[in-house]
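A closer look at the structure
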Amino acid sequence: MVSSSTDMLLQVHSWKFPFLCDKALITIPPTLLIKSPSVERSSTRALKSSIYSQRTSISPITSSSSLSTNEEDDHIPLRDICEGCVPDHILRRVEELGYLMPTEIQRQALPVLFSGRDCILHAQTGSGKTLAYLLLIFSVINTQRSAVQALIVVPTRELGMQVAKVARMLAAKSDQPVLEDKSCTIMALLDGGTLRRQKSWLKSEPPTIIVATLGSLCQMLEKQTIKLESMRVLVIDEVDFMFNSSHQVSSLRKLLISYSSINNRQSIFASASIPQHRRFLYDCIQQKWTKADVVHIHANPVQPMPPRIHHRFLICSRSERHSALLSLLQSDAPQSAIIFVNLQSEKSKKAGNAPSTTVLIDALKNSHIGGHEILLLEEKINFNSRAASFSVSRGVDLPDTTHIYNFDLPKDAVHYLHRAGRTGRKPFSESECLVTSIITSEERFVLQRYENELMFHCDELFL
Ligand SMILES: Nc1ncnc2c1ncn2[C@@H]1O[C@H](COP(=O)(O)OP(=O)(O)OP(=O)(O)O)[C@@H](O)[C@H]1O
């Protein structure tokens, strides 16, 4: 099955073998690889904040990689960190969803977030940044108030749907009764769909939390359908991408300096990659995007790549790549895999070549590992190619993905990091995940550069 719908991307959560490309998503259902044997509040807040400031001394601009130095802190459950700040019914949901111990970034960031300081959350892909900022949001919102109190800005529809889903899961009714008489409402205001329903919703009663892409948000702000004066928390997710996107940056800057006085608002930026983070921190303060005592929380700064991910490369000529990939799929028999394919170049299009994704799908269909259904996701509507290539390589959370294949080498180290980060997304799992790049001998030095930049090691693989 071949589809050009962006929504298909999210359907893969229930599929077993998703294959993603920079512009495409190919999904192979279980029949193919299942044979593999390898598949088997208030006063407490003030107290916490004062404990936090005694434990750590942070100068306004300085980043910190290990805010909490006490070894005992490693064993403090998530509930203990959040108790007194996050409402109990949300904490019950957190536990029901299986989040018992904090991840490293959560352990370091939550006390700072609960203390009211602006934060830059800088941590490995799949390290749980989303839950960290959502817990802060649930700690500050007042569901009795009818106003937008938190805004999460994301670069793409897919990421927005995912964040809104997690927020709704946390806000959903727990198995035990909740005393609150009004529940938290969460609106997803995302590009690529019609906003009619959201408009009438906004007119009747503002939601408590909005998850939005900038385009849709700006439309609503221009029409004055949304009011952000009561916003207590502003989150910008994948912040480096947002600032690098020329068509978004001016709206983003405007948003950061308008709507609700900065002193009443907590601003959070999150990403696994913040190139030149010291410069960014400086800009945050100079431009008044954050308060002057913003904290840069950098978890595992010497290991930007999650440690569970094992990296390999296979050298072959370009004409051998299809057979190399098929051999890899057969020998690895992945439980769930993603294949990244670069967008077709203009030159190749002009030469009348078929897109690489089409050629790859045909090769998979005709292979001895055939007999499977293949889903291709292409995003053509309302998205420029950069956004399209971004949307599958960043933010998407498919926790069961065990293998990543770079059919084409990504164009830089940051893209490598975010592609690799689509696997190894179960924080406390010990199972190893694999990223394999199929490269030509000329590309070896490019991969070596990524290894140096991201401080990881890649083993050569021979078929
Ligand atoms: N405390 C926790 N315990 C167990 N699992 C967790 C915990 N926190 C988050 N997770 C899970 O870890 C996975 C990754 O989390 P999340 O998507 O927040 O990562 P991220 O840091 O935002 O990644 P990226 O930078 O790639 O967007 C999710 O599947 C989430 O459910």
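Model, not experiment: these values are computed from the prediction.

Cut-off values and rules
- Residues numbered from 1 in each chain as written.
- Predicted model: local features only at pLDDT ≥ 70, side-chain atom pairs only at ≥ 80, totals over all residues.
- Domains from an automatic or database assignment.
- Contact = placed C-beta atoms within 7 Å.
- Helix = DSSP H or I, 4+ residues; strand = E, 2+ residues; numbered from the N terminus.
- Nonpolar A, V, L, I, M, F, W, Y, C, P; charged D, E, K, R; others polar.
- Axes fitted to C-alpha atoms, helices over the stretch in contact; angles between N-to-C directions.
- Parallel < 35°, antiparallel > 145°, perpendicular 65-115°, else oblique.
- Left-handed = near helix turned anticlockwise from the far one by under 90°.
- Core = buried A, V, L, I, M, F, W, Y, C linked by C-beta atoms within 7 Å.
- Buried ≥ 20, exposed ≤ 12 C-beta atoms within 10 Å, placed from the backbone.
- Near = placed C-beta within 6 Å.
- Pairing = 2+ DSSP bridges.

Accessible area lost upon the coming together of the parts is a frequently used measure of interface size. Parsing the protein chain into structural domains produces domain 1 (78-298) and domain 2 (309-461). With 18 residues of domain 1 at the interface, the matching set in domain 2 holds 17 residues. It is helix α7 (residues 157-171) that contributes the most residues to the side of domain 1 that touches domain 2, three residues altogether. The residue makeup of the side of domain 1 that touches domain 2, split by class, is six nonpolar, nine polar and three charged.

The subject of this paragraph is the packing of helix α5 (residues 104-114) against helix α6 (residues 129-140). At a closest axis distance of 10 Å, the pairing of α5 and α6 adopts a crossing angle of 25 degrees. Viewed along their axes, α5 and α6 adopt a mutual orientation that is roughly parallel. Crossing hand, α5 versus α6: right-handed. Together, I105, Q106, A109, L110, L113 and F114 of α5 and K129, L131, A132, L135, L136 and S139 of α6 make up the contact between the two elements. Residues of the contact of α5 with α6, tallied by class, amount to nine nonpolar, two polar and one charged.

One finds C119, L121, L151 and V211 to be the most contacted residues of the largest nonpolar core, which totals 106 residues. By residue number, the principal contributor to this core is α6, which donates eight residues. Counting only domains with at least three residues in this core, you end up with domain 1 (78-298) and domain 2 (309-461). What V211 contacts, discounting residues up to four positions off in sequence, is I152, V154, G160, V163, A164, A167, I186 and A188.

Once that is clear, we can look at the site of the ligand. Every one of the 21 residues lining the ligand counts as a neighbour, but Y99, T125, G128, K129 and T130 are closest to it. Ranked by residues supplied to the shell around the ligand, first place goes to α6 with three residues. For the shell around the ligand, a count of residues per class yields nine nonpolar, nine polar and three charged. Mapping the shell around the ligand onto the domain boundaries places at least three of its residues in each of domain 1 (78-298) and domain 2 (309-461).

Let us look at the pairing of strand β6 (residues 150-154). Across the five residues of β6, five count as buried, placing the element largely inside the fold. Here β6 shows two buried faces, one formed by A150, I152 and V154 and the other by L151 and V153. Sheet topology places β6 next to strand β9 (residues 233-237); four bridges connect them, and they run parallel. Residue V153 lies in a different strand from β9, and its bridge partner there is I236.

Right, let's get into the sheet that holds strand β16 (residues 433-439). Strand order in this open sheet of five strands is β13-β15-β16-β12-β17, and the pairing throughout is parallel. Edge positions in the open sheet fall to β13 (337-340) and β17 (458-460), since each of these has one partner strand only. If you compare each strand with its neighbour and ignore which way they point, the axes differ by 20 degrees on average. In terms of strand pairing, β13 meets strand β15 (residues 403-406) through four bridges, oriented parallel. For I339, the partnering residue across the bridge sits in β15 and is Y405. Contacting β12 (309-315), β13, β15 and β16, helix α17 (residues 413-420) crosses the sheet at an angle of about 150 degrees to β15.

The next point concerns the environment of L190. Mapped onto the secondary structure, L190 falls in the loop between β7 (186-189) and α8 (196-204). A sequence separation of 30 residues divides L190 from G160, and the C-alpha atoms of the two residues are 6.8 Å apart. Discounting residues that sit within four places of it in the chain, L190 has contacts with R157, G160, M161, A212, T213 and S216.

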